[in-house]
Amino acid sequence: MSTAETTPTHFIRNIISEDLAVGKNNRRVHTRFPPEPNGYLHIGHAKSICLNFGLAAEFGGLCNLRFDDTNPSKEDVEYVESIKSDVRWLGFDWGDREYYASDYFEQLYQYAVQLIKASKAYVCDLSADQIREYRGTLTEPGKDSPYRTRSVAENVDLFQRMRVGEFPDGTRTLRAKIDMASPNLNMRDPVMYRILHAAHHRTGDRWCIYPTYDFAHGQSDSIEGITHSICTLEFEDHRPLYDWFLEQLNIHHPQQIEFARLNLTHTVLSKRKLLQLVQQGHVTGWDDPRMPTLAGFRRRGYTPESIRSFCERIGVAKRNSIVDIAMLEHCLREDLNRRAPRVMAVLRPLRIVITNYPEEQVEELDAVNNPEDPGMGTRKVPFSRVLYIEQEDFREEPPKGFFRLSPGREVRLRYAYIIKCVDVVEDPKTGAVTELRCTYDPDTKSGSAQSNRKVKAILHWVSAAHAIEAEVRLYDHLFTAENPDDVEEGVDWTSNINPKSLETLTSCRVEPFLANASSRSRYQFERLGYFCVDSVDSSDRRLVFNRTVTLRDPWAKIEKAQKKG
RNA sequence: UGGGCGGUCGCCAAGCGGUAAGGCCCCGGACUUUGGAUCCGGUAUCGAAGGUUCGAAUCCUUCCCGCCCAGCCA
């Protein structure tokens, strides 16, 4: 085995390697993850977090957590708290390097004054609408603002008066003096400061002018000594502007590198849309287990390891792409398969009576906790005369390829005996199967000398008298469409919401081992999937499980194909 | 029709002039007291057309398609 195949490389890693090789930045690697605290982190952010923190760790560098909090009207401490806990949960540590663009407001202001004094910036009295008109279009150049030629002295005075609050919102801006004819619209005298009499979640009322992202971001990176400013594709057009600011200011110049943001099938990842899902009540909140937020995935039962593994595998490139959510689910199952203890739970109980099993007898059978990890030991599972099995494991008229129980057929109960269905009890009114009468073969007890008799199927089960009742929430993709945004005109993307994204089952039965299951603990319910104890609604009195993901299910696939014909 | 960036298997993605990695999905088969896991095997000539070259996904030319930019959002 070569050592080269383990870590797939990508262009950003290559750039950093080369920079290091030629001794750039004093062989220093310093990145940052710069979220705006205006929403919860989602799986797309995880890609960026893994990239930035991962690269820094890999090259012995550092990664800062910096909040780009330049727009007080949209930001909130609730979001900074959630972001911090999500990054921590994902497994990354920014040490004491928790920064805020708002920490740099004074410095940024001084930078602005510096540019004004160099005749590189001016106070403009044009309204927002006028600025738009003066900007020109994609194909026509813009025209200079009439205020572009103000004297340095007047600009300094006006900007100072903007700061102390002499002017109402929107009446003036500070603009960079670049080139109104530039083919790159970002260079057509972009706004650097706007007047906004709004309280900031950190600086309170100290400021009534706020730097735009474009004026704050590059300089913030510079101030922090960032070597590689990794961001998404849409900022490629802004790079010349950031370069311009940094050059005019003659300060440390980080290298900006852009990559394609993550898109996932069957989900939306725009903050605006996620906010809408929450506000319109399509989900119960930012941490609804169907949300692609880190809070949602956490509550759903995803492990941080699986998300990191996913981010590693999808790669980093500049091509717009939509990753199949099956990839994420694969990473999840791979991780959970290794670590989740196995347990038996019956979601839709069908009562069966073993007619030849002694009335009062109870056997404690040995069950393996995790066949992938013998170190996890075994446990006892009670077996008795009346049991529950899964409704879907019985068919009165078994279709082709159905190996499970049906009249006259034999099947093994996992860790127990081979049983045979001898009678079907139906509700006289509805015809629904209400109970099965079965017999067991005492010679086939698991682990016994003659237990090797082969049967086509093995079923999970619980003992009726010993089982614990639980609620189980079956989650599925939030959207039926692969790409929820792909709608005919006039149709809203929310029409793609999956009406069956949540099915709640209230009379499930789980084995007694689960009585003390702790919040968030994860299990594999054998033959069904991975489940976790819900962190919000589960309690000692009422166990609530979330289905994290199903097991791969070939039979379901076969059946689906058969139905299609 | 201005500028920026992309187009390699159904989905991601390596490749940087020497004759198409890998993962996911899918399809076979082996094994299995989870129809799970595991294990084997299978599936592309690189957006198109020209050109350069002994040789091109990789270089050149032209064309086609997709994404982003006209917030005092980030």
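Residues numbered from 1 in each chain as written. Chains lettered and ligands numbered in written order. Predicted model: local features only at pLDDT ≥ 70, side-chain atom pairs only at ≥ 80, totals over all residues. Heavy atoms only, no water.

**Notes on the overall build of chain A**
Then, number 1: Each helix and strand in chain A was counted, giving 13 helices and 25 strands.
Then, number 2: In terms of overall size, chain A is more extended than a compact globule, its C-alpha atoms giving a radius of gyration of 31 Å where 565 residues would be expected to give roughly 24 Å.
Then, number 3: Across its three principal axes, chain A shows a C-alpha extent of roughly 100 × 55 × 45 Å.
Then, number 4: Here chain A holds 565 residues, and 52% of them are scored as buried.
Then, number 5: Counting only contacts in chain A whose residues sit at least 6 apart along the sequence, the fraction spanning at least 24 positions is 70%.
Then, number 6: Accessible surface for chain A amounts to roughly 26,300 Å². Of this, 47% is attributable to carbon and sulfur atoms.
Then, number 7: Across chain A, 76 positive and 82 negative side-chain charges occur, with their mean positions spaced 2 Å apart. (Helix = DSSP H or I, 4+ residues; strand = E, 2+ residues; numbered from the N terminus. Rg over C-alpha atoms; globule rule 2.2 N^0.38 Å. Buried < 20%, exposed > 50% of the residue type's maximum accessible area, 1.4 Å probe, protein only. Contact = heavy atoms within 4.5 Å. Areas by Shrake-Rupley, 256 points an atom, 1.4 Å probe, with all protein chains shown as cover. Lys, Arg positive; Asp, Glu negative; His and termini not counted. Charge placed at Lys NZ, Arg CZ, Asp CG, Glu CD.)

**Quick word on the protein's contact with RNA strand B**
Then, number 1: The local shell around RNA strand B holds 65 residues, among which R319, R342, R404, S446 and K557 are the closest.
Then, number 2: A share of 63% of the atoms of RNA strand B within 4 Å of the protein falls on sugar and phosphate groups.
Then, number 3: In the environment of RNA strand B, a sugar or linking oxygen lies 3.3 Å from a nitrogen or oxygen atom belonging to the backbone of D324.
Then, number 4: A distance of 3.0 Å separates a base oxygen of RNA strand B from a polar backbone atom of R527.
Then, number 5: Looking at the surface near RNA strand B, the elements that each hand over two or more residues are helix 5 (128-135), strand 6 (191-195), helix 12 (325-339) and helix 13 (554-564).
Then, number 6: Its residues assigned to classes, the surface near RNA strand B shows 24 nonpolar, 18 polar and 23 charged. (Near = heavy atom within 4 Å. Polar contact = N/O pair within 3.5 Å; in protein donor to acceptor, adjacent residues only side chain to side chain. Nonpolar A, V, L, I, M, F, W, Y, C, P; charged D, E, K, R; others polar.)

**Remarks on the sheet that holds strand 10 (residues 342-343)**
Then, number 1: A sheet is described by the order of its strands in space; here seven strands give the open sequence 10-23-24-25-21-22-11, paired in mixed fashion. Looking at the sheet topology across the chains shown, the edges are occupied by strand 10 and strand 11 (345-346).
Then, number 2: Both strand 24 (residues 529-533) and strand 25 (residues 543-550) contribute to a ladder of five bridges, which runs antiparallel. Across the sheet, G529 pairs through a bridge with T550, a residue of strand 25.
Then, number 3: Packed onto the sheet, helix 12 meets strand 10, strand 23 (522-525), strand 24 and strand 25 and runs at close to 120° relative to strand 25. (Pairing = 2+ DSSP bridges. Axes fitted to C-alpha atoms, helices over the stretch in contact; angles between N-to-C directions.)

**Concerning the pairing of strand 12 (residues 349-354)**
Then, number 1: Note: strand 12 against strand 15 (residues 386-390), five bridges, orientation antiparallel. Residue pairing for strand 15: V353 is matched across the bridge by V386.
Then, number 2: With four bridges joining them, strand 12 and strand 18 (residues 433-441) adopt parallel strand pairing. Within strand 18, the residue paired with R351 across the bridge is E435.

**A closer look at the nonpolar core**
Then, number 1: Counting 39 residues, the largest nonpolar core has I43, I49, F53, V87, L90, I307 and F310 as its most contacted members.
Then, number 2: Mapped onto this core, the elements with two or more residues apiece are helix 2 (43-58), strand 2 (62-67), helix 3 (77-90), helix 10 (294-300), helix 11 (304-313) and helix 12.
Then, number 3: Take this core: its biggest share by element is six residues, from helix 2.
Then, number 4: Each residue touching V87, except ones within four places of it in the same chain, is listed here: F33, L41, I49, F53, F92 and W94.
Then, number 5: Counting 36 residues, the second-largest nonpolar core is a separate cluster that includes Y109, L158, I195 and A216. (Core = buried A, V, L, I, M, F, W, Y, C linked by side-chain atoms within 4.5 Å.)

**Let's talk about the domain arrangement of chain A**
Then, number 1: Domain annotation for chain A reports domain 1 (11-261) and domain 2 (345-460).
Then, number 2: Centre-to-centre separation of domain 1 and domain 2, based on C-alpha positions: 64 Å. (Domains from an automatic or database assignment.)

**Considerations on the sheet that holds strand 17 (residues 418-426)**
Then, number 1: One open sheet accounts for seven strands, arranged 19-16-17-18-12-15-20; its pairing is mixed. The open sheet is flanked by strand 19 (458-459) and strand 20 (461-463), the only strands paired with a single partner.

**Brief notes about the side chain of R150**
Then, number 1: With respect to the helices and strands, R150 occurs in the loop between helix 5 and helix 6 (152-164).
Then, number 2: Within polar-contact distance, the side chain of R150 engages the backbone oxygen of V123 at 3.0 Å.
Then, number 3: Among the polar contacts made by the side chain of R150, one reaches the side chain of D125 at a distance of 2.3 Å.
Then, number 4: Not counting residues within four places of it along the chain, the set of residues in contact with R150 comprises V123, C124, D125, N155, L158 and R172.

**What to know about the environment of L41**
Then, number 1: You can see L41 is positioned in the loop between strand 1 (30-33) and helix 2.
Then, number 2: Overall, the relative accessible area of 1% leaves L41 in the buried class.
Then, number 3: Distance in space between the C-alpha atoms of L41 and R509 is 35 Å, their sequence separation being 468 residues.
Then, number 4: Beyond its immediate stretch of four places on either side in the chain, L41 contacts F33, P35, I49, I83, D86, V87, T293 and L294.

**Regarding the pattern of salt bridges**
Then, number 1: Under the counting rule described, the total for this entry stands at 50 salt bridges.
Then, number 2: Ionic pairing is found between E471 and R473, a salt bridge with its closest N-O pair at 2.9 Å.
Then, number 3: Accessibility expressed as a relative area gives 10% for R473, which makes it buried.
Then, number 4: Between E471 and R542 there is a salt bridge, with the nearest N and O atoms lying 2.6 Å from each other. In this pair, E471 sits in strand 21 (residues 468-475) while R542 sits in the loop between strand 24 and strand 25, placing the two residues 71 residues apart along the sequence.
Then, number 5: Of the residues examined, E471 reaches a relative accessible area of 10% and is grouped as buried.
Then, number 6: Overall, the relative accessible area of 40% leaves R542 in the partly exposed class.
Then, number 7: Here the residues in one salt-bridge network are D287, R299, E471, R473, D534, D537 and R542, joined through shared partners. (Salt bridge = Lys/Arg side-chain N within 4 Å of Asp/Glu carboxyl O.)

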